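# Structural overview
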Amino acid sequence: MPAEGGKTDMERIGLFSEMEYITVGDKYVSQFNRPFNESASKNRQILPGGSKEMSNLQAGYFDPHFVRIFEGESYVNPNQVRRRYMMEEAKKNLSKAFLPSNGEKKPCGLGSYYGTIGGPVPFFSAQSKPKEKYEPPGKNLYTNPGKKGTGYGYANITIGKQFSHSSDLYDAAKLNNKKENEEHRRLLKGTAFKLNLYPREYFDTNPYMSEKPLPPIKKVEKKETVGNPFKPSSPGKKAGGMKAGTFDPYPSHSADPYVVKLKSPSSKSAKVFHPPGGPKSRPIESIMALNVKRALNTKNYKTASVQSY
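Residues numbered from 1 in each chain as written. Predicted model: local features only at pLDDT ≥ 70, side-chain atom pairs only at ≥ 80, totals over all residues. Heavy atoms only, no water.

The protein is annotated in an unreviewed UniProt entry as Cilia-and flagella-associated protein 96 from Bos indicus. Looking at the Sequence similarities (unreviewed entry) heading of the UniProt record, one finds this comment for the protein: "Belongs to the CFAP96 family." (UniProt positions renumbered as here; feature names shortened; annotations may be inferred.)

Pasting the structure below:
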């Protein structure tokens, strides 16, 4: 259809013409009955003679008759040809074939040269080499035998002479110390030097003494002690709908009415308070209708029956 501007749909899209429909009016052919190669079943085709198999018949070969490789050749005996060749080779021998005098020798064990080409090697011979005659050395120097004894309690068993006995006093150290003290006192000229003053540890008896007056004594402020926290004499009582859980007894009955009447507004101009409207309810689908929709859908609404629901 032409648009409002005067151009057709094909002109607006930019195509020269509408696409053709090549399958319009054709008969429906199932894909199972459709031939694989439709052109192979129409008109004349190349029909070869079929595949040939190898056999002893002439039909298995391309040539119409069997062709021999050699034409008119004579029969040759292979045994006769082989014998002639052996006779020609035997004429080339100047003498008879070489035969060793004896068979090959086998070794009789490790270290044996029997059967080898070079024979035994004199360097590896097991025979002993000739040696000079042994002359024993001269005798050792003979001395007197050593003296018996360990050295403790035995005399005259050392190389040097025996030590002579010398007496030693029992209190020799004490007597020597006494002689040294007497010699020291003899060299002193007088008594030890002593001061006439009273010995003190410091220059004054009290090193912290000061001539300045002392500051007044500070009074220590006593802090007010807080008393112990209040603890009731007994645990709190639970409210039971009577005077058991309160400090005071149950209040007396009052004669006031239960409902208080509201007074009407005195002036006509006063407006009555109207609360604003709350949220409005929305239509809610029932659970029954929801289950029906779940059971019935676009696929089974024709086959479903009313009795099944």
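Still more ground to cover, so stick around.
### Description of the overall build of the protein
Helix and strand counts for the protein come out as four helices and zero strands. Each helix and strand of the protein, placed in order from N terminus to C terminus, yields the pattern α-α-α-α. Contacts spanning at least 24 positions in sequence make up 0% of the contacts within the protein whose residues lie at least 6 apart. Just so you have it, the protein exposes about 36,600 Å², and 58% of that area is on carbon and sulfur atoms. (Helix = DSSP H or I, 4+ residues; strand = E, 2+ residues; numbered from the N terminus. Contact = heavy atoms within 4.5 Å. Areas by Shrake-Rupley, 256 points an atom, 1.4 Å probe, with all protein chains shown as cover.)

### Quick notes on the environment of Tyr114
As for its position among the elements, Tyr114 is in the loop between helix H2 (78-91) and helix H3 (172-187). You can call Tyr114 partly exposed: its relative accessible area is 47%. Beyond its immediate stretch of four places on either side in the chain, Tyr114 contacts Lys105, Lys106 and Pro107. (Buried < 20%, exposed > 50% of the residue type's maximum accessible area, 1.4 Å probe, protein only.)

### Re the packing of aromatic side chains
Given two aromatic rings, their pairing is described by the distance between the two centres and the angle made by the two planes. Scanning all chains against the criterion turns up one aromatic pair. Look at Phe123 and Phe124: their rings are 5.5 Å apart centre to centre, the planes differ by 85°, and that puts the pair in the edge-to-face class. Of the two residues, Phe123 and Phe124, both sit in the exposed class. (Phe/Tyr/Trp six-rings, centres within 6.5 Å; stacked < 30°, edge-to-face > 60°.)

### Comments concerning the pattern of salt bridges
Evaluation of the coordinates by the stated rule reveals two salt bridges. Residue Glu89 is joined to Lys92 by a salt bridge in which the shortest nitrogen-to-oxygen separation is 3.5 Å. What makes Glu89 partly exposed here is its relative accessible area of 31%. Note on Lys92: relative accessible area 59%, which makes it exposed. Glu183 serves as the salt-bridge partner of Arg186, at 2.3 Å between the closest nitrogen and oxygen. Within this pair, Arg186 and its partner Glu183 are both found in helix H3, separated by three residues, close to a single helical turn. Classification of Arg186 by relative accessible area gives exposed; the value is 56%. (Salt bridge = Lys/Arg side-chain N within 4 Å of Asp/Glu carboxyl O.)

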